Amino acid sequence: MSALASLKRNWLFAALVLLCALTVFAAFVAPSEIGKMELELEASTAATRIGAELKGTRHPGRCVRALGSRAVSERHLREARL
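Every value quoted in this text rests on a predicted model; they were computed, and no experiment measured them.

## Regarding the overall build of the protein chain
So, step 1. Each helix and strand counted, the protein chain has 4 helices and 0 strands in total.
So, step 2. When each of the 82 residues of the protein chain is scored for burial, the buried share is 1%.
So, step 3. Accessible surface, the protein chain as shown: approximately 7600 Å² in total, 67% of it carbon and sulfur.

## Details of the confidence of the model for the protein chain
So, step 1. This prediction gives the protein chain a mean pLDDT of 76; 67% of its residues lie at or above 70.
So, step 2. Averaged over each element, pLDDT in the protein chain is lowest for helix α4 (residues 70-81) (60) and highest for helix α2 (residues 11-54) (84).

## Regarding a nonpolar patch on the surface
So, step 1. Side chains of V24, F25, F28 and V29 sit close together on the surface and give an oily, nonpolar patch of about 430 Å² of accessible area.
So, step 2. With respect to the helices and strands, the residue V24 is situated in helix α2.

## So, α2
So, step 1. Over its 44 residues, α2 runs 63 Å from end to end, which matches the ideal 64 Å to within 8%, given 1.5 Å per residue.
So, step 2. The largest bend along α2 reaches roughly 25° and is located at A26.

Definitions and limits used
- Residues numbered from 1 in each chain as written.
- Predicted model: local features only at pLDDT ≥ 70, side-chain atom pairs only at ≥ 80, totals over all residues.
- Heavy atoms only, no water.
- Helix = DSSP H or I, 4+ residues; strand = E, 2+ residues; numbered from the N terminus.
- Buried < 20%, exposed > 50% of the residue type's maximum accessible area, 1.4 Å probe, protein only.
- Areas by Shrake-Rupley, 256 points an atom, 1.4 Å probe, with all protein chains shown as cover.
- pLDDT = per-residue confidence, 0-100.
- Patch = residues over 30% accessible without salt bridge, like charges linked within 9 Å, V, L, I, M, F, W, Y side chains within 5 Å.
- Salt bridge = Lys/Arg side-chain N within 4 Å of Asp/Glu carboxyl O.
- Expected span 1.5 Å × (residues − 1).
- Bend = angle between axes of the 7 residues up to and from the residue.

This is the structure we're talking about:
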């Protein structure tokens, strides 16, 4: 029996399998994409708030570099754990 004849005979089963495969794909891909979008939105909001707060400081560039420095952040984390 050819593949086309088999598909014509079992088209309902094939459609159901395809629907299940699409559902599983969406269940695994969509949450990660939504999570990325939420993180980007939160980062943008935080950057806006930090920028607004730093406008009144004398040297905003220094504050931004200090906040973005990984070594400073890691040192503070280590001190906080002790």
